[in-house]
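Summary of structural features
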Amino acid sequence: MRNLFRRKSIEMILHHANIAAKESSGMKRSLTVKDLTAMGIAAIIGAGIFSTIGTAAVNGGPAVSILFIFTAIACGFSAMCYAQFASDIPISGSAYTYAYVSFGELIAWIIGWDLIMEYAVGNIAVAISWSDYFTGLMHGIGMKIPEYMSTDFLSASRGYHKALESLQNGIPINQLSNGIQEAYAAWHNAPQLFGVRFIADIPAFSIVVFITYLVYKGIYETKVAGNIMVILKLAILMLVIGVGAFYVNPENWSPFAPNGVGGVLKGVAGVFFAYIGFDAISTTAEECKNPKKDLPRAMIYALAITTVLYVLISLVLTGMISYTELGVGDPLAYAFEKLHLTRLSGIIAVSAIIAMASVLLVFQVGQPRIWMSMSRDGLLPKRFSKLHRKYKTPAFATIIAGIIVAIPSLFLNLTEVTDLTSIGTLFAFVLVSGGVLIMDTKKGGNSLQQGGSYRVPYFNSRYILPIIWIVVLFSLLYFNEKNIFRFFNFNGEIYHVNGFWAVFKHQIPMYGFIIIASTITILAILKSFSLIPVLGLLCNLYLMTELGITNWLRFIIWLCVGLVLYFAYGNKHSKLREKA
């Protein structure tokens, strides 16, 4: 068991990275703080602002703007912890490397495996969403792409069978939703060979191939493309905010939180999905000109800029039309179309295409670099860490990352598991925040170097954390949200109607949070932990409880698969094991 949690010292990690750099002449250092900030904005301003913001607004009303602030604060605590690690360990491994230093090898593998899910599943979902906007834009300018070339096989099959059921019940096709009509047309018109229908989302596949090619070519090409896309989408979003502000009706902001705090928190998964990109900045540490200073600054800058944009967009959007009408796939375009601003709705579609492409770009940059770090440690085959002779990028890892995203985007619809991306990212944030607590309390060879350029500001938890908990508990009781006494009442009517287990299983994550939060709070008070990492850990852990038991079960299954692979390969080839 001790071997499973063997840790690498910072000196050892930097030494191994330097050896790998000398063997392959190193990666090209061309990123400045402006480029890193642009990458952060590129990753954060994506599907969240063009699609999931609508669903969150339906549940939370105009108060969804507060949810963006709360989520940004929770991410901000973690961003400070990321910044401290990035300043001391300027290596491309991101949370994987940070966990290796603080928690040990097994936890490092788990977080590396978790990040595969975060990046890959997230990018598949973004590629499919990009395809929807792209095909809609092409249709709008008179260039219709056949449905069987712009729909995934799974959606076409499901939609076709739903359409048949409707026909049997006497409901004509033209009265069904647009999505089911398109799925029916895709299945019905698709070419066949030996009874197999050829249905694939070609635009989604194509954009992933193009982005992967850019990332393969080099960090300079990636940087230029990313900066251009960020400038364009920021300009368009400022135009949207400026024009939309003239059509805001303040009456639409009343009631501000129609479904209370509980309704606002229902949008956590969608809102948090918007913020998951800032950690990808840390994967480019070996391509930064001055990573110790630029990485921490870029993370904070990107988070602050995007939060302001999200809050402004949510207020303008819910002010233009009633929040009850925003439960659509493209809420921004829908709002402007309803107000007969059709030209702007077309511009928004173009902006969405640019924004989602930039998200793909940043995540396709991040995934291969994490694999590269894992390969250097022996947990993955050596080919994953080899750099291209000319482009100085992890070429093999980049190609594999492209295949893992491109092939599923052809045939699958991952709407059921996109929350896995959020729970995976939150798990990474929890571990990074906890890692700072561990490293700050350790002494000796593994303690963080004091020569780093950034430190999380220290505030003593002993005096501030109890006050925070008193305020939180008082607020819960005052607003009657998640009433503590009702929450622990096992004899309530709801249990008799639905059955004890059917209700209790959905409360398991919250009970787990209460136990862990109580333990951490006691330790923080007794040992005077730094407040910000504690708040980062607790906030992100709470957000994980809001994602539901189904997502937790899927997440646990994914981690179990990763453990099997670790014991089959990683544990046997670990360089720390060889050294021992």
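Thresholds applied
- Residues numbered from 1 in each chain as written.
- Predicted model: local features only at pLDDT ≥ 70, side-chain atom pairs only at ≥ 80, totals over all residues.
- Heavy atoms only, no water.
- Helix = DSSP H or I, 4+ residues; strand = E, 2+ residues; numbered from the N terminus.
- Buried < 20%, exposed > 50% of the residue type's maximum accessible area, 1.4 Å probe, protein only.
- Contact = heavy atoms within 4.5 Å.
- Areas by Shrake-Rupley, 256 points an atom, 1.4 Å probe, with all protein chains shown as cover.
- Polar contact = N/O pair within 3.5 Å; in protein donor to acceptor, adjacent residues only side chain to side chain.
- Axes fitted to C-alpha atoms, helices over the stretch in contact; angles between N-to-C directions.
- Parallel < 35°, antiparallel > 145°, perpendicular 65-115°, else oblique.
- Left-handed = near helix turned anticlockwise from the far one by under 90°.
- Nonpolar A, V, L, I, M, F, W, Y, C, P; charged D, E, K, R; others polar.
- Core = buried A, V, L, I, M, F, W, Y, C linked by side-chain atoms within 4.5 Å.
- Phe/Tyr/Trp six-rings, centres within 6.5 Å; stacked < 30°, edge-to-face > 60°.
- Salt bridge = Lys/Arg side-chain N within 4 Å of Asp/Glu carboxyl O.

To continue, consider the overall build of the protein. Along the protein, the regular secondary structure elements total 25 helices and 2 strands. When each of the 580 residues of the protein is scored for burial, the buried share is 56%. Sequence separation of 24 or more characterises 84% of the internal contacts of the protein that already satisfy a separation of 6 or more. When the accessible area of the protein is evaluated, it comes to approximately 25,000 Å², of which 66% is carbon and sulfur surface.

Turning next to the side chain of Thr 306. Turning to its location among the elements, Thr 306 is positioned in helix α13 (residues 291–320). One polar contact links the side chain of Thr 306 to the main-chain carbonyl oxygen of Leu 303, over a distance of 3.2 Å.

The subject of this paragraph is the packing of helix α2 (residues 33–44) against α13. Look at α2 against α13: their axes get within 8 Å of each other, and the N-to-C directions meet at 40°. Regarding the angle of α2 to α13, the classification is oblique. Along this stretch, α2 crosses α13, giving a crossing that reads as right-handed. The segment α2 lies against α13, with Val 33, Leu 36, Thr 37, Gly 40, Ile 41 and Ile 44 engaging Asp 294, Leu 295, Arg 297, Ala 298, Tyr 301, Ala 302, Leu 303, Ile 305, Thr 306 and Tyr 310. Classifying every residue of the contact of α2 with α13 gives 11 nonpolar, 3 polar and 2 charged.

Counting residues in each nonpolar core, the largest one holds 159 residues, and the members touching the most others are Tyr 82, Tyr 275 and Phe 278. When sequence neighbours within four positions are dropped, the list of residues in contact with Tyr 275 reads Ile 44, Phe 68, Thr 71, Ala 72, Cys 75, Leu 303, Thr 306, Thr 307 and Tyr 310. The next biggest cluster of nonpolar side chains, apart from the first, holds 6 residues, and it includes Tyr 160, Ala 186, Ala 190 and Ile 199.

Residue Ser 254 is joined to Pro 255 through a cis peptide bond whose omega torsion reads 0°. By the secondary structure assignment, Pro 255 is in the loop between α10 (219–244) and α11 (260–265). Phi angles above zero are rare outside glycine, and Lys 392 is one such case at about 60°. Assignment of secondary structure puts Lys 392 in the loop between α15 (342–376) and α16 (395–411).

Here we come to the packing of aromatic side chains. With the rule as written, the count across this model stands at 19 aromatic pairs. Note on Tyr 216 and Tyr 391: the rings are 5.8 Å apart at their centroids and 65° apart in plane angle, and the pair reads as edge-to-face. Placement of the pair is Tyr 216 in helix α9 (residues 202–217) and Tyr 391 in the loop between α15 and α16, with a sequence separation of 175 residues. In this structure Tyr 391 comes out as buried when scored by relative accessible area, which is 18%.

Next up on the list: the pattern of salt bridges. This structure, assessed with the given rule, holds 9 salt bridges. Where Asp 377 meets Lys 8, a salt bridge forms, and the shortest distance between an N and an O atom there is 2.3 Å. Highlighted residues: Asp 377 in the loop between α15 and α16 and Lys 8 in the segment before α1 (10–23), separated in sequence by 369 residues. Taken individually, Asp 377 and Lys 8 each receive the classification buried, so the pair is uniform in this respect. With a closest N to O distance of 2.2 Å, Glu 325 and Lys 338 form a salt bridge. Highlighted residues: Glu 325 in the loop between α13 and α14 (331–338) and Lys 338 in helix α14, separated in sequence by 13 residues. Judged by relative accessible area, which is 39%, Lys 338 ranks as partly exposed.

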